[in-house]
Amino acid sequence: MKLDSAPLDISGGSQTQIELELKDSNDFNLTPVIAPSVQPVIADSPQKQQSVLVVFGTTFITIFLAEIGDKTQLSTLLMSAQSHSPWVVFIGSAAALITTSLLGVLLGSWIADRLSPKTVEKSAGVMLLVISLMLFWDVFTSH
């Protein structure tokens, strides 16, 4: 072992040259290596906040468009016109929608812990297909 040899210069050579030099040499380099500084990972990055906003926006738009003109909205409209108390009907219908949404979120979280996303997607597709077929069957057999 030679302690008087010059340290290996890795700044100018390629990685393969360095590996070849290390394989061919029986010398040991006792020079300490200085690691480059590492930037810390920031937990509250703007990208995480953006993804929360994207999820919120997508959910809002999807549910809003799905609820326009459905039987819940029509029932609320009729109840408001009949009761002459639009704010009471609004509070009641809003509380009902929040409760059903909470149940959906809790059930969805419970299912997500137990099943893979692919299984959930396929199951939802099959359920919607069955419901659609049942509705078509009801329409064709009622006339």
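Sequence order sets the numbering: in each chain, residues are counted from 1 along the sequence as written. Note on the predicted model: pLDDT of at least 70 is required for a residue's local features to be given, and 80 or more for side-chain atom pairs to be given and counted; whole-chain, interface and lining totals, by contrast, use all residues. Water and hydrogen atoms were dropped before computing side-chain values, which therefore reflect all heavy atoms in the structure.

Caption draft 1: Quick look at a nonpolar patch on the surface. Patches here are clusters of residues that have more than 30% relative accessible area and form no salt bridge, with a 9 Å joining cutoff for like charges and a 5 Å cutoff for nonpolar side chains (Val, Leu, Ile, Met, Phe, Trp, Tyr). The Shrake-Rupley method, run with a 1.4 Å probe sphere, supplies the accessible areas, and residue values consider only the shown protein chains as cover. The salt bridge criterion pairs a side-chain nitrogen of Lys or Arg with a carboxyl oxygen of Asp or Glu, the two atoms within 4 Å. A contiguous nonpolar patch, built from F56, F60, I61, F64, L65 and I68 and spanning about 670 Å² of accessible area, is present on the exposed surface. What counts as a helix is a DSSP run of H or I of at least four residues, what counts as a strand is a run of E of at least two, and both are numbered from the N terminus. When you line up the elements, L65 lands in helix α2 (residues 46-67). Given the relative accessible area of 57%, L65 is considered exposed. Accessible area is worked out with a 1.4 Å probe on protein chains only. A residue is then buried under 20% of its type maximum, exposed over 50%, and partly exposed in between.

Caption draft 2: Local environment of unusual backbone geometry. Located in the positive-phi region is H84, a residue other than glycine, with phi close to 60°. Tracing the sequence through the fold places H84 in the loop between α3 (71-83) and α4 (86-114).

Caption draft 3: Inspection of helix α5 (residues 117-142) at higher detail. Compared with the 38 Å implied by 1.5 Å per residue over 26 residues, the 37 Å span of α5 between its first and last C-alpha is a close match. Counting buried positions over the 26 residues of α5 gives zero, only a small fraction of the element. Here a helix's expected span is defined as the number of its residues, less one, multiplied by 1.5 Å.

Caption draft 4: View of the packing of α3 against α4. Two elements in contact, α3 and α4, have axes whose closest approach is 8 Å; the angle formed by their N-to-C orientations is 155°. In terms of orientation, α3 lies roughly antiparallel with respect to α4. Like other packed secondary-structure pairs, α3 and α4 cross with a definite hand, here right-handed. When α3 is examined against α4, the residues T72, T76, M79, S80 and S83 are found in contact with a partner set consisting of P86, V89, S93 and L97. Note on geometry: axes are lines fitted to C-alpha atoms, helical ones only across the stretch in contact, with angles between N-to-C directions running from 0 to 180 degrees. Here the word oblique covers every angle except those under 35 degrees (roughly parallel), over 145 (roughly antiparallel) and from 65 to 115 (roughly perpendicular). The sense of a crossing depends on the near helix, which, turned anticlockwise from the far helix by less than a right angle, makes the crossing left-handed and, turned clockwise, makes it right-handed. Two residues qualify as a contact provided that any one of their heavy atoms is within 4.5 Å of a heavy atom in the partner residue.

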